[in-house]
Amino acid sequence: EPVALVPQPSSPKRRTSPRRGAGALQRASKRLKTATTAAGRARGPSLASSSDHGAGSRARAAAKPSVYNIALSGMRSKEKERSLTQAAKIGVEITASPKEWNDAITHLVTPRLGRSEKTLAGMAAGAFVLRETWLADSGREKKLLSEAKYFAESTDEALVARQAAALWRRHFEKTKVGAFHGMTCVFHRDCARVIPSRDTLERIFRAGGGTVMAAEELSGQRQGRRSSRHALELAVVPDPKKMLRSQEEGDDLVLQCIASGIPLTTDAFLIEWLAFPHKNLTGLVHKTATSGGSLPSSWRKKIECRCSE
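Every value quoted in this text rests on a predicted model; they were computed, and no experiment measured them. (Residues numbered from 1 in each chain as written. Predicted model: local features only at pLDDT ≥ 70, side-chain atom pairs only at ≥ 80, totals over all residues. Heavy atoms only, no water.)

> I'd like a description of the layout of surface pockets, backed by residues and values.
Of the volumes computed, that of the second largest pocket is approximately 450 Å³. Lining the second largest pocket are 21 residues; nearest its centre among them are Ser73, Gly74, Lys99, Ser116 and Lys118. For the lining of the second largest pocket, the secondary structure elements donating two or more residues are α3 (77–90), α4 (117–125) and α7 (198–207). Per element, the largest residue contribution to the lining of the second largest pocket is three residues, and it comes from α4. The residue inventory of the lining of the second largest pocket, partitioned by class, reads nine nonpolar, six polar and six charged. (1 Å grid on protein atoms, 1.4 Å probe; cavity = no way out; pocket = protein on both sides within 12 Å on 5 of 7 lines; lining within 4 Å. Points joined across faces, edges and corners; volume = space filled by probe spheres on them. Helix = DSSP H or I, 4+ residues; strand = E, 2+ residues; numbered from the N terminus. Nonpolar A, V, L, I, M, F, W, Y, C, P; charged D, E, K, R; others polar.)

> How would you summarise the packing of aromatic side chains if you had to cite specific residues and measurements?
Aromatic rings in a pair are described by how distant their centres are and how their planes are angled relative to each other. The final tally for this structure, using the stated rule, is six aromatic pairs. Ring geometry for tyrosine 68 versus tryptophan 134: centroids 6.4 Å apart, planes at 35°, classification tilted. Of this pair, tyrosine 68 sits in the loop between α2 (56–62) and β1 (70–72) while tryptophan 134 is found in helix α5 (residues 133–141), placing the two residues 66 residues apart along the sequence. Of the two residues, tyrosine 68 and tryptophan 134, neither departs from the other in class, the shared state being buried. Where phenylalanine 180 meets phenylalanine 205, the ring centres are 5.0 Å apart and the plane angle is 45°; that geometry is what we call tilted. Placement of phenylalanine 180 in the loop between α6 (164–175) and β4 (184–187) and of phenylalanine 205 in helix α7 is noted, with a sequence separation of 25 residues between them. Among the aromatic residues, those joined into a cluster by ring pairs are Phe180, Phe187, Phe205, Phe269 and Trp273. Its guanidinium or amino end placed over the ring of phenylalanine 128, arginine 169 lies 4.0 Å from that ring's centre, counting from NZ or CZ. Across from the ring centre of phenylalanine 276, 5.3 Å away, lies the NZ or CZ of lysine 279, which sits over that ring. (Phe/Tyr/Trp six-rings, centres within 6.5 Å; stacked < 30°, edge-to-face > 60°. Buried < 20%, exposed > 50% of the residue type's maximum accessible area, 1.4 Å probe, protein only. Lys NZ or Arg CZ within 6 Å of the ring centre and 35° of its normal.)

> Kindly report on the packing of α4 against α7, identifying the contributing residues and their values.
Each pair of packed helices can be summarised by the angle the axes make with each other and by the distance between the axes. In contact at an axis separation of 7 Å, α4 and α7 are set at 25° when each is read in the N-to-C sense. Looking at the two axes, α4 sits roughly parallel to α7. Our pair here, α4 against α7, has a crossing hand that is right-handed. Across from Glu117, Leu120, Ala121, Ala124 and Ala125 in α4, the residues of α7 making contact are Thr200, Arg203, Ile204 and Ala207. In the contact of α4 with α7, the residues fall into six nonpolar, one polar and two charged. (Axes fitted to C-alpha atoms, helices over the stretch in contact; angles between N-to-C directions. Parallel < 35°, antiparallel > 145°, perpendicular 65-115°, else oblique. Left-handed = near helix turned anticlockwise from the far one by under 90°. Contact = heavy atoms within 4.5 Å.)

Laid out in structure tokens, this is it:
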């Protein structure tokens, strides 16, 4: 259970010099900081910064958290101000973060589920993605409450499944890995020219424990060089069907994938993987092997059963 901050009993007043008074103030500040840290122990995950090969979720699963690292997303000025006020009542700080995902975040507070980078990456990482009322109710109680009944929900189920945040958190608690754990992708230079950008897709993929392979590494593997300890499983490209029909155009990455039998897909596959945990996405993956047959059974299992509990 979260630890509420309990004020220390006051001692009898006595005269002190300005120098000694300043020292007492510093010691009190230190005690408050220690108590605040204690208030954030347990439940949520603790993330280390991800490497180029996406170790974020593995670090999250390896250690229990020491603090709550709370960030906001999708809020207007008044909503942000209100959340900061409630957080101050509990004695916790809100992480000042840009629009990009940060692997240190354990709790993301947002009015509703959407397709922003932080929301999608939060679900991928297995973080708590919660409604603003979690902070409001915690502020009234003067302690951080259990997250169980405060998961953010979608108001447009054509974009994101209503319970996606709760499902992905449950998936993390059950498996101790992120949404893309064990998956290795290469991203075509033109796979996402507008929204989301390729950099955004890669950050979301890494947040879920996925490994991003550079195109040069794929070339090295084909030439027999051990450029990576990970085997490529999927390539994210602009238009798989068009590229498979127009092999004569000679896109190097696509030709290498075709020669190696690496399936092709689009950015929509990764986004919908998170947005619709129970949706069968087999139709968004295009097999490139010259021989007949369907996708490997391991891939079908990943697509069909990724969040089946």
